[in-house]
Amino acid sequence: MSNVWTVARQMIAEGIRMKVALVFLLLIGAVVLGLPFSIEGDHSVSGAVQSFMSYAFTATAVLLGMLAIFLARSLSDELVHRQIFFVMTKPVARWQYILGKWLGIALLNTAFLAGAGLAVYGMVQYIRYTRTYIDPKYDEGKLTKEILVARHAIRIKLPDFTREADAEFERNMEAGVYEDNIKNNPRFKLAEEKQRLAKKREAMWRVVGPNAVRVFEFEHLLVRRGKGSFIQFRYKTDVANPPSDEVLRARFVFGNTFKGTPEFEVPVRHFIGRYQTMALPASCVAKDQTLTVRFYNTNPYPGEPKHPAVMQFLAANEVEVLFVVGTFGGNLLRLLALMQCKLMFLAAVGVLMTTWLSFPVAALASFTIYVLAGTRGFITDALDLNLGDSAGMFTSVKDFLLQTFALVYNGVLMVIPDFSRFDAVESFVNGRNVPLVWVLQAVTELAGMKTAIALGVAMLLFHRRELAEVSL
Amino acid sequence: MSHRPPVLQTAGLCKTFRDFWRRPRVEAVKDLNLEIHPGEVFGLLGPNGSGKTTTIKMLLGLLYPTRGRISIFGKPPTDVSVKSRIGFLPEESYLYRYLVGSETLDYFGRLFRLPARVRRERTERLLDMVGLRHEAKRPVGEYSKGMARRIGLAQALINDPELLILDEPTSGLDPIGAHQIKEVIRELGRKGKTILLSSHILADVEDVCGRVTILYGGQERETGDIDSLLREESLTQITAPPLSPATLDQVRALIRRLEAKEVVDVTHPRIRLEEFFLRIVREAQDANLHTHGARSGGDIPEFLSKATETSEGGVVEELVTAGRRAEPVAFKPEPIVAKDPSRNVIDDLLGRPAPAGDEATKTKRAAPARAAEPARTAPHADRGIIDDLLKGSPSGSGKGSSSERDATRETTP
C-alpha cells in the first residue's frame, strides 16, 4: 500500500502546486467568508444564519464536486504529457496508481471540506455574536433551540384505516357498486379500490370540522427528562373555507392524564397556512414515550369572530413533535460526512472517466453523471418510466423504444446513486438531526459500493490500456 | 557466451498499430528476436521510425505486443517485481514540472520503496553526478532540456538498477552532458550492469556499446559484435608519434619491400571535436567562470557500484552483486597493447627483438576494448598528445602524457 500512498501524496502536491485546487479554495473562501457580511435573510439573526448556512453548504458542495472532477485531470495529463512513462516503469501496479490518484483527490477534498466546515462554523458564531437581534427573546430562542441544534422529528401515528376501508369495500360489493366496472373496465382492480378507500378514510381523518376534536398520537419520543427539558410541537393547518381575517383560532391540549402526565392547554391564534412551532415541557410525554395531542377546532378567545372553519392537516410532515438529540457541532460533522461520501464517489467517477477518455470529454461525462445523480429523482418523475404491465410483448415500435429506453435507464440508475437521498443541507439548516443511519447508508452505498464499482471499472480499463498508445 | 540466462529476451516480437476501427495501419516492429546477457551494453540502432522506441515501450510494458514474447529476468514485462530491477530513461524527460529536482528523485525513490535515508543519500549523490546539485531546489519545469535529461538519467539510477534501458540518452544534451552520460554508461557497464541503449546517434552507440542490433522498418537487419561489424579487414592502420619525412619514406619503402604494397595514406590523426570541446570547457570550469546551467557532474555514486544499503533486502542485493560479478558475455575485454615507451616504431616495423616478456607487442591487431571495459585507453592517449600539441609544449608534461605520446598503437580501422 506504500505505493498507493506515494501516488496519493504526489496527487495532493500536484493539486496544491498546480493551483487548480487553490482556485476552488478561493471561490469557497469568497462564499463562506464573504456571505456573512452581506446576507440578510428575513432580517432576523436566525434567518441570516439559516440563509448563510444554506448558501454556503450548497456552494461548497457544488464547488468541491467540480474540484473532484477537475483534479482527476491529473491522470489524463500524465497520459498526455507522458509522466506515466516514468511512473509505470517503476514497481507500481496499475491498480495502485488508480487507487493512489483517487485517494489523493479524496484526501484533498476532505481537507477542503473540513476547512469549509470549520469556516462555516466560525462564521455562524460571528453572525450570532455580532448582529443585533431585533426581537431578542424570539430570535435568539429560535436560533439556539431550533437552528443551532440537532432535533429529531416524530410524525403522527396514523390510525389503521384498512379495516374501515375493507368494511366499506364489502358494503359496496354487496350493493353492486363495482359491477359495472368489473364487467366493462379491464383496468379496474379490486385491490387498488381497497387502497383508494383507505386513502379516502385517511383524508377524511385529516380534516377537522368546526367544533370537532382530533386526537394525534406520537410514539418513540426518546426525550431527555429533567429540569428545563422541552419538546417542540410543529404544525401547519390549511383551511378549506378560511375566515376573512385568515386567522386560525383553536386550542391544543398536550399530555394524557390517563397515562400519568400533566395536561397543557395551549390556545393558538395565528395566520393560517404557516408553520408554527411551540415549546412544551418534556413532562407531557408519557413514560411509554408516547404523546397525546388533542386538537379542538373551537375558538378559545371570547369576543373574537367565530367562523366555522374546516381545518386540514394535509401532508405527512404537517404535524410533528421535535426534541433535541444532539449538538450543532455533531450535526455539522454528520452533514460533512454525507457530503464527503458524495465527493468520494465523484472523485472515483472522475478517475474512471480519465482512464479512457481525454480530459474535456472525461470532464463532460463526469459532470453528466454528477447532474444525473443530483436530479435523478426529478428526471425519473418527469420521464415517468414504468415497465409495468406492458413488459413482455411489445405492442408497437414506440412501445418497444420506450421499453428499451426504460430498461437502459433503469440499468444506469443501478450504478448512478441518488444524491438527493443523501442531501441533508435542508435538514441541517432547519436544526434537524442528520441521522447517523443516513451517514452509514452513504458510507456503505456511496463511498463503499458505488465508489468501489467505479474504481474497479477504472482499474480494469487502465490495466487493459496501452499507456503509450498511438492514435492513428 | 555466458551460461547464465539472458537478462532480456524477445521472441518473434511484433507490434501493429491500428486505427480507430481496429484496422491495422502501421507494422512498427516485425518478428524481432533479441537476447541481451548480463553485463552487456547493447545498442538498438536505427533511423527514425525504425521501431526502436516501440520496442523499448513493449519491453517496459507500456505497449502490449501484437504477437511474440518478452522475457525480462525470466518474467513478463508487466510483472511489477521486474520493474524494481530496471532503470528507464525515455527519449524525452517527461517530468513533473511543479516538483523541484530533489523532490523528483525522492518521489521516484519512494516508488521503489527506498527508505528515507537511502533516498536522501542517493538523491544527493545523483544530483552531484549529473551536475545539478546547485539546481536541486528549482522546479523541474524551469529546467532546460539538457538539465531535464540529466535529472531523467538520475531518476533512472535511483534504484541502482540491474538493467538500464536508455532511449536516446544523449538527445538534447550539450557535448559535455552527452560525454558525461556516455561516461556513466561506460562506468556502469564496467560495474556489470546490463544496459540497453537505443539511439540513432551512431557515435554514441559506437562509443559505449559492445553489441548492436540495427533496425530498419521495424525489422532486424543486422546484429553482432560492434568490432566485428565495423572492422575493415582490407586495411591496416599504424599510429605513431610525428615522423620525419625521411622516416616516412623508410616506412613506405619497407612496406613496399616486405609486403609488395603501397601505403594508401599518411596523415596526422585528428582528435574528435567532442574531445576538443570538452577540454575547452574543462579549462573554463577550472577558471571558475560562472554559469546558470548544469555543471560538470561528479563521480558515479558509490551505491551504483557498492553492494550496500539497498532497501530491497537480500534477494535484490544478491542479484545486484551477481550482476556486478558477471563477466561481460559477448565482449571479453581485450587488453590494449601496451608498448614499451623506449621502443620506437621503426624497431617494431623492422621486427627487431622486443625485451623479454613483451608478447603483446607481437600482436598485429589489438582490438580496442569495449563493453565491460569500455574506458578505452586509446582516446585518452590521443587526447594527451593533442593537449600537448595545442599547448605548444613538445616535451609534454606529466607522466601519463609522455608515456602515451611515446606509445605506438596499432589498430585495425
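Here the structure is a predicted model, which means the values were calculated and not measured.

Trainee: Would you mind going over the overall build of chain A with me for this structure?
Mentor: Looking only at helices and strands, one finds 16 helices and 11 strands in chain A. Overall, the C-alpha framework of chain A stretches about 85 × 70 × 40 Å when taken along its three principal axes. Out of the 472 residues belonging to chain A, those deemed buried represent 36%. A separation of at least 24 residues holds for 84% of the contacts in chain A among residues at least 6 apart in sequence.

Trainee: Got a minute to help me understand the overall build of chain B in this structure?
Mentor: On a plain count of helices and strands, chain B comes out with 14 helices and 12 strands. Looking at chain B as a whole, 41% of its 413 residues are labelled buried.

Trainee: How do you make sense of the interface of chain B and chain A when you look at a structure like this?
Mentor: When the parts come together, some accessible area is lost, and that loss is often what is quoted as the size of the interface. At the junction of the two partners, chain B supplies 28 residues and chain A supplies 24 residues. Taken together, the elements giving at least two residues each to the side of chain B that touches chain A come down to strand 1 (8-18), strand 2 (24-32), helix 2 (80-83), strand 6 (86-89) and helix 3 (101-111) of chain B. Here the side of chain B that touches chain A takes four residues from helix 3 of chain B, the largest share from any one element. The residue makeup of the side of chain B that touches chain A, split by class, is 18 nonpolar, three polar and seven charged.

Trainee: Would you take a moment to explain helix 4 (residues 73-80) of chain A for this structure?
Mentor: Turn by turn, an α-helix covers 3.6 residues, leaving residues three or four places apart pointing in a common direction. Residue and element names in this part refer to chain A. For helix 4, the tally of buried residues reaches six of eight residues, placing the bulk of the element in the interior. Turning to helix 4, its buried residues number three or more, namely R73, S74, L75, S76, E78 and L79. In this structure, the buried residues of helix 4 make contact with helix 1 (2-17), helix 3 (45-71), helix 5 (83-87), helix 6 (94-130), helix 11 (328-356) and helix 12 (359-374). R82, located one to two residues past helix 4, shows a positive phi value of around 65 degrees.

Trainee: Got a minute to help me understand the confidence of the model for chain B in this structure?
Mentor: Low pLDDT means the predicted coordinates in that region are not meant to be read closely. Residues and elements named next belong to chain B. With 69% of its residues at a pLDDT of at least 70, chain B reaches an overall mean of 74. Ignoring residues within four places in sequence, the model shows residues 306-413, a span with pLDDT below 50, making 164 contacts including any to other chains. Prediction confidence for the complex, expressed as pTM and ipTM, is 0.78 and 0.78 respectively.

Trainee: Got a minute to help me understand the nonpolar core in this structure?
Mentor: The tendency in soluble globular proteins is for nonpolar side chains to be buried side by side. Membership of the largest hydrophobic core comes to 183 residues, with the highest contact counts inside it found for L338(A), A347(A) and L197(B). Examining the composition of this core, we find that 17 residues originate from one element, helix 11 of chain A, more than from any other. Discounting residues that sit within four places of it in the chain, L197(B) has contacts with V41(B), F42(B), G43(B), L44(B), L166(B), P169(B), I185(B), V205(B), V208(B) and C209(B).

Trainee: Honestly, the domain arrangement of chain A in this entry has me stumped. Any pointers?
Mentor: Residues and elements named next belong to chain A. When the domains of chain A are assigned, the result is domain 1 (2-147 + 328-464) and domain 2 (162-327). If you average the C-alpha positions of domain 1 and of domain 2, the two centres end up 38 Å apart. In this complex, domain 1 contributes seven residues to the contact, which on the side of domain 2 involves five residues. At the level of secondary structure, the elements contributing two or more residues to the side of domain 1 that touches domain 2 comprise helix 7 (136-147) and helix 11. Take the side of domain 1 that touches domain 2: its biggest share by element is four residues, from helix 11. Here the residues of the side of domain 1 that touches domain 2 sort into one nonpolar, four polar and two charged.

Trainee: Is there a simple way to think about the environment of A406(A) in this case?
Mentor: By the secondary structure assignment, A406(A) is in helix 14 (residues 397-415). Linking A406(A) and L383(A), residues 23 residues apart in sequence, is a C-alpha distance of 9.1 Å.

Trainee: Quick question: what am I supposed to make of the pairing of strand 10 (residues 219-225) of chain B here?
Mentor: Moving residue by residue along a regular strand, the side chains alternate between the two faces of the sheet. Residue and element names in this part refer to chain B. Pairing of strand 9 (residues 211-216) with strand 10 involves six bridges; the strand directions are antiparallel. Paired with Y216 across the two strands is Q219, which belongs to strand 10. Linking two consecutive strands that pair antiparallel, namely strand 9 and strand 10, is a turn of two residues; a positive phi of about 60 degrees is found at G217 within it.

Trainee: Help me understand the sheet that holds strand 2 (residues 207-208) of chain A, please; the structure alone is not making it clear to me.
Mentor: To summarise the sheet geometry, strands pair through backbone hydrogen bonds and adopt either a parallel or an antiparallel arrangement. All names here are of chain A. What the three strands build is an open sheet, ordered 2-10-5; its pairing is antiparallel. Each having just a single partner strand, strand 2 and strand 5 (238-239) make up the two edges of the open sheet. Strand direction decides the pairing type here: strand 5 and strand 10 (residues 311-312), joined by two bridges, are antiparallel. Each residue of the ladder has a partner; that of V239, found in strand 10, is M311.

Trainee: Where do I start with helix 8 (residues 162-174) of chain A in this structure?
Mentor: With 13 residues, helix 8 of chain A ought to run about 18 Å at 1.5 Å a step, and its terminal C-alpha atoms sit 18 Å apart, in line with that. Just downstream of helix 8 of chain A, G176(A) is the residue with a positive phi angle, here 75 degrees.

Trainee: Quick question: what am I supposed to make of the environment of V266(B) here?
Mentor: Secondary-structure assignment places V266(B) in the loop between helix 9 (245-259) and helix 10 (273-286). Spatially, the C-alpha atom of V266(B) lies 9.5 Å from that of R252(B), the residues being 14 residues apart in sequence.

Trainee: Please explain the packing of helix 3 of chain A against helix 6 of chain A as it appears in this structure.
Mentor: Two numbers describe a pair of packed helices, the interaxial angle and the distance between the axes. Residue and element names in this part refer to chain A. The geometry of helix 3 relative to helix 6 is characterised by a closest axis approach of 10 Å and an angle of 165 degrees between their N-to-C directions. In terms of their interaxial angle, helix 3 and helix 6 are classed as roughly antiparallel. Regarding helix 3 and helix 6, the two cross each other, and that crossing is right-handed. Across the interface between the two elements, V45, A48, V49, F52, M53, A56, F57, T60, L64, L67, A68 and L71 of helix 3 pack against I105, L108, N109, F112, L113, A116, V120, M123, V124, I127 and R128 of helix 6. Residue composition of the contact of helix 3 with helix 6, grouped by class: 20 nonpolar, two polar and one charged.

Trainee: Mind showing me how you'd approach the sheet that holds strand 7 (residues 163-167) of chain B here?
Mentor: Residues and elements named next belong to chain B. As summarised here, the arrangement of the six strands in space is 6-7-8-4-9-10, forming an open sheet in which the pairing is mixed. Two strands lie at the open edges of the sheet, namely strand 6 and strand 10, each paired on one side alone. Neighbouring strand axes in the sheet, compared pairwise and without regard to direction, differ in orientation by 15 degrees on average. Bridge count for strand 7 against strand 8 (residues 194-199) is five bridges, and the pairing is parallel. Opposite I165, over in strand 8, you have L196 as the bridge partner. The sheet strands contacting helix 1 (residues 52-59) are strand 4 (41-45), strand 7, strand 8 and strand 9, and the helix crosses strand 7 at an angle near 145 degrees. Strand contacts of helix 6 (residues 175-190): strand 4, strand 7 and strand 8, with the helix running at about 150 degrees to strand 8, the strand carrying the most contacts.

Trainee: Just to check I follow, could you spell out the packing of helix 6 of chain A against helix 16 (residues 436-464) of chain A for this structure?
Mentor: Residue and element names in this part refer to chain A. Across the interface, helix 6 lies against helix 16 with an axial gap of 9 Å and an inter-helix angle of 135 degrees. By the angle between their axes, helix 6 is oblique relative to helix 16. Note that helix 6 runs across helix 16; the crossing there is right-handed. Counting all contacts with helix 6, which are made through R94, W95, I98, L99 and W102, the residues of helix 16 involved are L455, A458, M459, F462 and H463.

Trainee: Is there a simple way to think about unusual backbone geometry in this case?
Mentor: What is expected of a backbone is that most residues other than glycine have negative phi and most peptide bonds are trans. One non-glycine residue with positive phi stands out, namely Q289(A), at about 60 degrees. Within the secondary structure layout, Q289(A) lies in the loop between strand 8 (276-281) and strand 9 (291-296). Owing to 13 C-beta atoms within 10 Å, Q289(A) belongs among the partly exposed residues under this scheme. For F73(B), which is not glycine, the phi dihedral falls at a positive 50 degrees.

Trainee: What exactly am I supposed to notice about the environment of V130(B) here?
Mentor: Structurally, the position occupied by V130(B) is in the loop between helix 4 (116-129) and helix 5 (145-157). Distance in space between the C-alpha atoms of V130(B) and P65(B) is 34 Å, their sequence separation being 65 residues.

What counts, and where the lines are drawn
Once a new chain begins, its residue numbering starts again from 1 and follows that chain's sequence as written. To label them, take the chains in the order written and letter them from A, then take the ligands in the order written and number them from 1. Whole-chain, interface and lining totals are the exception, using all residues; otherwise, since this is a predicted model, local features are given only for residues with pLDDT of at least 70 and side-chain atom pairs are given and counted only at 80 or more. We count a stretch as a helix when DSSP gives it H or I for four or more residues in a row; a strand needs E for two or more, and each element gets its number in order from the N terminus. Three exposure classes are used, all based on how many other C-beta atoms lie within 10 Å of a residue's own C-beta (placed from the backbone): buried at 20 or more, exposed at 12 or fewer, and partly exposed between those limits. Our contact criterion uses C-beta atoms placed from the backbone: two residues qualify when those atoms are within 7 Å. Ten residues, namely Ala, Val, Leu, Ile, Met, Phe, Trp, Tyr, Cys and Pro, are considered nonpolar, four, namely Asp, Glu, Lys and Arg, are considered charged, and the remaining ones, Gly among them, are considered polar. pLDDT is a residue-level measure of predictor confidence that goes from 0 to 100. Any set of buried Ala, Val, Leu, Ile, Met, Phe, Trp, Tyr and Cys residues joined through C-beta atoms within 7 Å is what this text calls a nonpolar core. Domain limits in this description derive from either an automatic procedure or a database domain assignment. Think of it this way: DSSP has to see at least two bridges between two strands before they count as a pair. An expected span of 1.5 Å times one less than the residue number is assigned to each helix. Axis geometry follows a simple rule: fit a line to the C-alpha atoms, using only the stretch in contact for helices, then measure angles between N-to-C directions, giving values from 0 to 180 degrees. The scheme is simple: roughly parallel for angles under 35 degrees, roughly antiparallel for over 145, roughly perpendicular for 65 to 115, oblique for anything else. In a left-handed crossing the near helix is turned counterclockwise from the far helix by less than a right angle, and in a right-handed crossing that turn is clockwise.

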